[in-house]
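Descriptive structure summary
Chain by chain, the residues:
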Amino acid sequence: MAMEYKDTLNLPRTDFAMRADLVTREPERLKKWEAANLYAKIQASRATAEKFVLHDGPPFANGDVHVGTALNKILKDIIVKYKTLRGFSAPYIPGWDCHGLPIEFKVAQQMTKEFDAQWPKIRAQHEDLWKNTTDPVVVEAGIKYSFLQDYLSPENIRSACEKTARHFIGVQREQFKRLGVLGDWENPYLTLNKEYEADELRMFADIVEKGFVYRGKKPVYWSIPCRTALAEAEVEYADHVSQSVFVKFPVVGQPNTFIVIWTTTPWTLPANLAVAYNDKLQYVQAKVGEENFILFRGLLPAVAEKCGWTNYTETLFVAEELAKLQYQHPFCNRTGKAFAADFVTSDTGTGFVHIAPGHGQDDYNLGLKVGLPIYSPVTDLGVLAPTNDLPMNQQMPESLIGKSLLGKGGKPSEANEAVLALLREKNVLLHQENYHHSYPHCWRSKTPVIFRAMNQWFIEVDHDKFRERALDEISRVNWIPDWGVNRIKGAVQSRPDWCISRQRTWGVPIPFFYDANGQPVPDPQKNPKAAANVVRKFAKWFEEVGTAAWFSTDNPTILLTKSGAKEFIPAGVELSELKKSNDTLDVWIDSGSSSRAVLKQRKELQHAGKSGDEVWQADVYLEGSDQHRGWFQSSLLLSLAGNGAAPFKTVLTHGFMVDADREKISKSKQGGYEKPQTAEAYVKKYGADVVRLWVASQDYRSDIVVSEERINKVGETYRGIRNALRYQLSNLYDFDPAQHTVADDQLTGLDRWILGEFAKLEAEVLAAYDQYEFHVVYQKLSQFIAVELSSVYHDVIKDRLYTDAANSPRRRSTQTALHRLATGLCQMLAPILAFTADEAWEFIPGNPTGSVHEANWQPKSFVRNETESQLWKILFALRANALPELEKARQSKFIGKALDAKFSMEFPKTKVERGMEHLGSFLTLGDWAGLEVNVLASIETNRILQELLNVSKVEVTISDSVTAWKFNVTKADGQKCERCWHWETDIGQNTAHPTICGRCIEAVLQLKG
Ligand SMILES: [Zn+2]
């Protein structure tokens, strides 16, 4: 009876699909993880393990997850998953930054729109308010404004902001989960939580008590549209056209003699109180017609050219005379003096700097030094106005009052225009031109910011040698990449005192009070302990009722009584005469306090077995490279001041997602073609695993270029990985590791070879993960899968897997190797291909854990001795040289398949002994050390080569009679076996199976038996 030998082959089979279909398969796996409560299960199983804490920097809860934020979260997740696999207890508590300008700005805009829409209805209900007036239009506008103010009350704004924040936390949570990020999503930390706010204020109280906090008038960045001070990190630089002017300041007592100053902010001239010069420079007096101009000699030619002085003479100006100069303000009724200052440079301007202590850092410092008032005649709304710092008659002329600093609707600044008109009128404007430069802008409104002195709360960076202590602490932290240490040191070295108050509603209130003169009661500088205790009382109260209580009333007696802070107000102070602070804390204090509110609070983050600060310090912080100015710095400074130590041991930094033209892919970019910016757009198109693989493939330490081409290339790698896993799984369907595993020393040479290579790979991959170099993991893994696995091993073992008897030692040996490879690969891939590795894991026979993310990855060593490794190196060298010969024979139609061939190799004995340098770079003398020449000609070696070349027979001879090596392809002897297609000479020996070879007979009989 004829038999279908095809049915007797061990052909591969698996339900692990070839097509990834990640877009539908991944959400199903997410549901499975959720149903199994995977995160909690993993944490429980690691309850007593060593702790590894990566502390999450909180993103703003104000939009969809940006692709750059996805990069950040995926990198964090790779680390957490890797550490978990290696046996650590690595909890991940995600966080959100909920307060701040971005949300409040958006909410206020939205609410104003809503109010406008409702206005006709409100108007109709309140017509009686203005029906008897003579000018209904004006009255309506006023009434509308007062209704709008009610609508935009702090309480309304805050509840709308909270609603917005919570909405986006929900949206982002789902998007982060969709990326495969595992964490305690049900218990994240939110900076708007009562407990968080209370801990933040307790941290603040500690810093107050230590004497860091003071109220002072200092220049700060001020955003006019947002009506608030801005932190350094909230300022962006952008191109701007300023008015560059050269102005003459008449010298008192010397008619027709002028100091020449240069400025690019004419609106600061009303605030001018002095001029500065550099006493290391040589000044001259230039005579132009009837006028004399004093300026730095080195800049005279440039100034002369600008001002059109074609004919002038110069005489040296005696240095001692500079200090005696007194000038008349060009349009205010006051005089000023000249002071020496190092910051006056010799490269631009005139060598004289106009000094307005209320509008510049250098100016402020000089003003303090020489006793000038910190005068800033600008209101919160950004218009010029007199102040109480100078007598009224010495301040700006009426024509300047009320002029706006910002131009409206593309028009130039009103204030600049008015100042220029006055300068012209007084005949003191020497030259005026447009000046293009990079100028600080508000990150929200995108308008130029002004530098403006005002009363704010500050943390004094140099208090008690704090700056030096911070720099010391930075040196103790591990910064990766190592340039991070210089970046943060630079930022800390140069930073001014930290302005921590904001004139906003959506934030944590600064619970302080002022007397009638605006002095804080109690004053943190004079009585830090009492001030700290006031803050602590409010912290406790807010923990119960929330910070909204602060905004519910302006009555200080109620606030101080309900909070219990009353007891720390000095005796004799009438509570009702105090005024509550309207400031909130800088949002960088919110997120920067997470060391207190999260690291020290959450039980699961404590390092058992450690002592001192190491109990709560995080092992790793990982954020973008802009955070050296931002969260890294605020966290470090606050934790060091408040907790006494840095909050982190290692700080990792990543670059940004950039366009091919290397522009940062930013949320606020407008106009023209834009790449998708949300993570969701990429996930929906490629699946999360491809996005994750793409993130891993890039060296994140520099910027990452977003391009379809790169993602597609990674997509191909993904398919290669998936196919390799599928091949392995499809040949394990009848393998039970408990029953069939072959001991290492019983494995065939080929299997020992691949496991040896794999052990090397595993060591390299582990080292790369430990150094957070995921692109190296990607390179090593993808290279190994493409070359050693897919184009060599998987190809060569097909014959033995399919045609050997199912239970033959050779097939079981190879299955043992495949089982180890699949297990190892899934573990290596799991941190990156979170979904696919877990999917494949389920198909590996005999797996002890349900999910790969619960596995404990302990690398198995696999040792080959030197001789064995050498032999395999030689065999692969022979294969590389032989394959082209086979290809030639096939091309010339001498043979059909490689299996039709017999391959003969003949080597001269003397040359083999000397190392066969003929085989080119593949073999060297060293490769032969210790190897017997005869090994090459042994039957065992011939069989291996036969498999490696996939031919029916290989014959190696070593002979004295040839002088050069010779390869020869001939037709194989015997007949073609119907089952395995090998040509064999033993076909026909079994009468029941006359068309198949001896090996196949054994396989078929075993199947029957
Ligand atoms: Zn056969």
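Residues numbered from 1 in each chain as written. Predicted model: local features only at pLDDT ≥ 70, side-chain atom pairs only at ≥ 80, totals over all residues. Heavy atoms only, no water.

Regarding the overall build of the chain
Assigned secondary structure in the chain consists of 33 helices and 31 strands. The C-alpha radius of gyration of the chain comes to 39 Å, more than 25% above the 30 Å expected for a compact globule of 1009 residues. Judged by the C-alpha coordinates and their principal axes, the chain covers about 125 × 75 × 60 Å. Within the chain, the proportion of its 1009 residues that are buried is 57%. Looking at the chain alone, contacts between residues at least 24 apart form 75% of all its contacts between residues at least 6 apart. Just so you have it, the chain exposes about 43700 Å², and 50% of that area is on carbon and sulfur atoms. (Helix = DSSP H or I, 4+ residues; strand = E, 2+ residues; numbered from the N terminus. Rg over C-alpha atoms; globule rule 2.2 N^0.38 Å. Buried < 20%, exposed > 50% of the residue type's maximum accessible area, 1.4 Å probe, protein only. Contact = heavy atoms within 4.5 Å. Areas by Shrake-Rupley, 256 points an atom, 1.4 Å probe, with all protein chains shown as cover.)

Remarks on the confidence of the model for the chain
On average, the chain scores 91 in pLDDT, and the residues at 70 or more come to 94%. Counting contacts from residues 667–673, a segment whose pLDDT is below 50, to residues more than four positions away or on other chains yields seven contacts. (pLDDT = per-residue confidence, 0-100.)

Some details on the environment of Phe513
Here Phe513 lies in strand 20 (residues 513–514). C-alpha of Phe513 to C-alpha of Val534: the two residues are 21 residues apart in sequence and 9.7 Å apart in space. The contacts of Phe513, once residues within four sequence positions are left out, are Gln519, Pro520, Val521, Phe538, Trp550, Pro556, Leu559, Leu560, Leu578, Lys579 and Lys580.

Section: the coordination of the zinc ion
Reference values for angles at a metal are 109.5 degrees in the four-donor tetrahedral case and 90 or 180 degrees in the six-donor octahedral case. The coordination sphere of the zinc ion, as far as protein atoms go, consists of Cys977 (SG), Cys980 (SG), Cys997 (SG) and Cys1000 (SG), spread over 2.2 to 2.3 Å. Between the donor residues of the zinc ion, the gaps in sequence give the motif C-x2-C-x16-C-x2-C. Highlighted residues: Cys980 in the loop between strand 30 (975–976) and strand 31 (983–984) and Cys1000 in helix 33 (residues 998–1008), separated in sequence by 20 residues. For Cys1000, a relative accessible area of 0% translates into the label buried. (Donors = N, O, S within 2.8 Å, 3.2 Å for Na, K, Ca; no water.)

A look at the nonpolar core
Tyr793, Phe903 and Met905 are the most contacted members of the largest nonpolar core, which has 145 residues in total. Discounting chain neighbours no more than four positions away, the residues touching Met905 are Leu878, Ala882, Leu945, Leu949, Glu955, Val956, Thr957, Lys966 and Phe967. One finds Ile224, Ile294, Ala415 and Leu423 within the second-largest nonpolar core, a separate group that totals 73 residues. (Core = buried A, V, L, I, M, F, W, Y, C linked by side-chain atoms within 4.5 Å.)

Quick notes on the packing of aromatic side chains
This structure, assessed with the given rule, holds 48 aromatic pairs. Judged by centre distance (5.9 Å) and plane angle (20°), the ring pair of Phe176 and Trp185 falls under stacked. Each member of the pair, Phe176 together with Trp185, is buried. Where Trp479 meets Phe632, the ring centres are 6.5 Å apart and the plane angle is 75°; that geometry is what we call edge-to-face. Placement of Trp479 in strand 17 (residues 478–480) and of Phe632 in helix 19 (residues 631–642) is noted, with a sequence separation of 153 residues between them. Since its relative accessible area comes to 6%, Trp479 is described here as buried. Take Phe632: its relative accessible area is 0%, and that puts it in the buried class. Each residue in the set Tyr82, Tyr700, Tyr769, Phe774 and Trp857 is aromatic and connected to the rest through ring pairs, giving one cluster. Looking at Lys976, its charged tip hangs above the ring of Trp981, at a distance of 5.2 Å from the centre. (Phe/Tyr/Trp six-rings, centres within 6.5 Å; stacked < 30°, edge-to-face > 60°. Lys NZ or Arg CZ within 6 Å of the ring centre and 35° of its normal.)

Quick look at the sheet that holds strand 12 (residues 326–328)
For sheets, the rule is that strands pair by backbone hydrogen bonds, running either parallel or antiparallel. Taken in spatial order, the four strands of this open sheet run 12-13-8-14, and their pairing is mixed. Every interior strand has two partners, whereas the edge strands, strand 12 and strand 14 (353–355), have only one. Adjacent strand axes in the sheet meet at a mean angle of 30° when their direction is disregarded. As paired strands, strand 8 (residues 274–277) and strand 13 (residues 335–340) are joined by four bridges and run parallel to one another. The residue bridging Ala276 from the neighbouring strand is Phe339, located in strand 13. (Pairing = 2+ DSSP bridges. Axes fitted to C-alpha atoms, helices over the stretch in contact; angles between N-to-C directions.)

Structural notes on helix 27 (residues 809–829)
Over its 21 residues, helix 27 extends 30 Å from the first C-alpha to the last, a length consistent with the 30 Å expected when each residue adds 1.5 Å. For helix 27, the tally of buried residues reaches 19 of 21 residues, placing the bulk of the element in the interior. (Expected span 1.5 Å × (residues − 1).)

Quick word on the environment of Lys144
Assignment of secondary structure puts Lys144 in helix 5 (residues 136–151). Using a relative accessible area of 28% as the deciding quantity, one classes Lys144 as partly exposed. Measuring from C-alpha to C-alpha, the distance between Lys144 and Lys966 comes to 100 Å, with 822 residues separating the pair along the chain. Not counting residues within four places of it along the chain, the set of residues in contact with Lys144 comprises Phe115, Asp116 and Trp119.

Regarding the sheet that holds strand 9 (residues 283–288)
Read from one edge of the open sheet, six strands run 11-9-10-7-6-15, paired in mixed fashion. Edge strands, defined here as strands with exactly one partner in the open sheet, are strand 11 (313–317) and strand 15 (429–442). Put simply, the sheet's adjacent strands are angled 25° from each other on average, direction ignored. Bridge analysis of strand 6 (residues 235–250) against strand 15 gives 13 bridges, and the strand direction is antiparallel. Following the sheet pairing, Gln243 is matched in strand 15 by Asn434. Contacts between helix 8 (residues 300–307) and the sheet are confined to strand 6, strand 9, strand 10 (291–296), strand 11 and strand 15, with strand 15 contributing the most and set at about 105° to the helix.

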